[in-house]
Amino acid sequence: MAKVQIVFYSMYGHVYQLAEAIAEGAREVPDTQVSLYQVPELVPDDVLEKMGAKAARQAFADIPIAEPARLAEADAIIFGTPTRFGNMCAQMRNFLDQTGQLWMKGALVGKVGSVFTSTGTQHGGQETTITSFHSTLLHQGMIIVGVPYTVQELTNMEEITGGSPYGASTLAGGDGSRQPTENELAIARFQGKHVAEIARKLCR
Ligand SMILES: Cc1cc2nc3c(=O)[nH]c(=O)nc-3n(C[C@H](O)[C@H](O)[C@H](O)COP(=O)(O)O)c2cc1C
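Now for the site of the ligand. Taken together, the neighbourhood of the ligand is formed by 18 residues, with Ser10, Met11, His14, Ser118 and Gly124 sitting nearest. Separating a nitrogen atom of the ligand from a backbone N or O atom of Gly124 is a distance of 2.8 Å. Burial of the ligand by the surrounding chains reaches 80%, relative to a free accessible area of 640 Å². Taken together, the residues that form the shell around the ligand break down as seven nonpolar, ten polar and one charged.

Attention now goes to the packing of helix H1 (residues 14-27) against helix H7 (residues 182-203). Direction vectors running N to C along H1 and H7 enclose 45°, while the axes themselves pass 6 Å from each other. What the angle tells us is that H1 and H7 run oblique. H7 is crossed by H1, and the crossing has right-handed handedness. Every residue of H7 that contacts H1 at Gln17, Leu18, Ala21, Ile22, Glu24, Gly25 and Ala26 is listed here: Glu184, Leu185, Ala188, Arg189, Gln191, Gly192, Lys193 and Ala196. Residues of the contact of H1 with H7, tallied by class, amount to seven nonpolar, four polar and four charged.

Cut-offs and rules
Residues numbered from 1 in each chain as written. Predicted model: local features only at pLDDT ≥ 70, side-chain atom pairs only at ≥ 80, totals over all residues. Heavy atoms only, no water. Near = heavy atom within 4 Å. Polar contact = N/O pair within 3.5 Å; in protein donor to acceptor, adjacent residues only side chain to side chain. Areas by Shrake-Rupley, 256 points an atom, 1.4 Å probe, with all protein chains shown as cover. Nonpolar A, V, L, I, M, F, W, Y, C, P; charged D, E, K, R; others polar. Axes fitted to C-alpha atoms, helices over the stretch in contact; angles between N-to-C directions. Helix = DSSP H or I, 4+ residues; strand = E, 2+ residues; numbered from the N terminus. Parallel < 35°, antiparallel > 145°, perpendicular 65-115°, else oblique. Left-handed = near helix turned anticlockwise from the far one by under 90°. Contact = heavy atoms within 4.5 Å.

Structural measurements only, silent on function.
What follows is the structure, given as structure tokens:
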């Protein structure tokens, strides 16, 4: 049994929707246990309210809160974060900064690591967010997996779309009104399946 954890932060639900699609893809792989976790919120309630995020976050309030120590139980971890100035969000950074004990023990060495993201705008930093996230995974000794070009949706030029060889992604729009498209969700499902298949091979 390969254990795949999907650990994400989402403020308005875009990254959460990708997380569910990734979980769907991972569940297609036999003998795979898939768990979703969200990292703790850091923004005060009244600020979330002003940012219009409180209602959106209700949609996935039932997803359990991630605990750093539990990462050690996984064979593969797929991390999801919205872009903040071209980087991962502070909530995810804060969570990862609590994995020092795991790093000291080498507890994540040899596990599969993969990343997905969401930006407001088309060129707002999807690739920088994912590739800069990879540095942390490499320090933890993880094996990085992206999305190969065998996924035909990656080459779709008929519409504006997220998704790259670095990982699944979506574009939320400046006001957050754009929702993940079928093309983006297909790439996310593939990422989940691909990571789970590799984790299973490594578990044998
Ligand atoms: C402080 C802050 C910084 C942001 N920086 C960027 C950015 O650099 N590029 C961009 O395209 N979008 C940026 N955004 C927009 C978010 O990435 C967008 O709201 C997010 O992808 C939506 O995902 P979510 O619904 O899962 O929270 C920023 C948003 C905030 C609040």
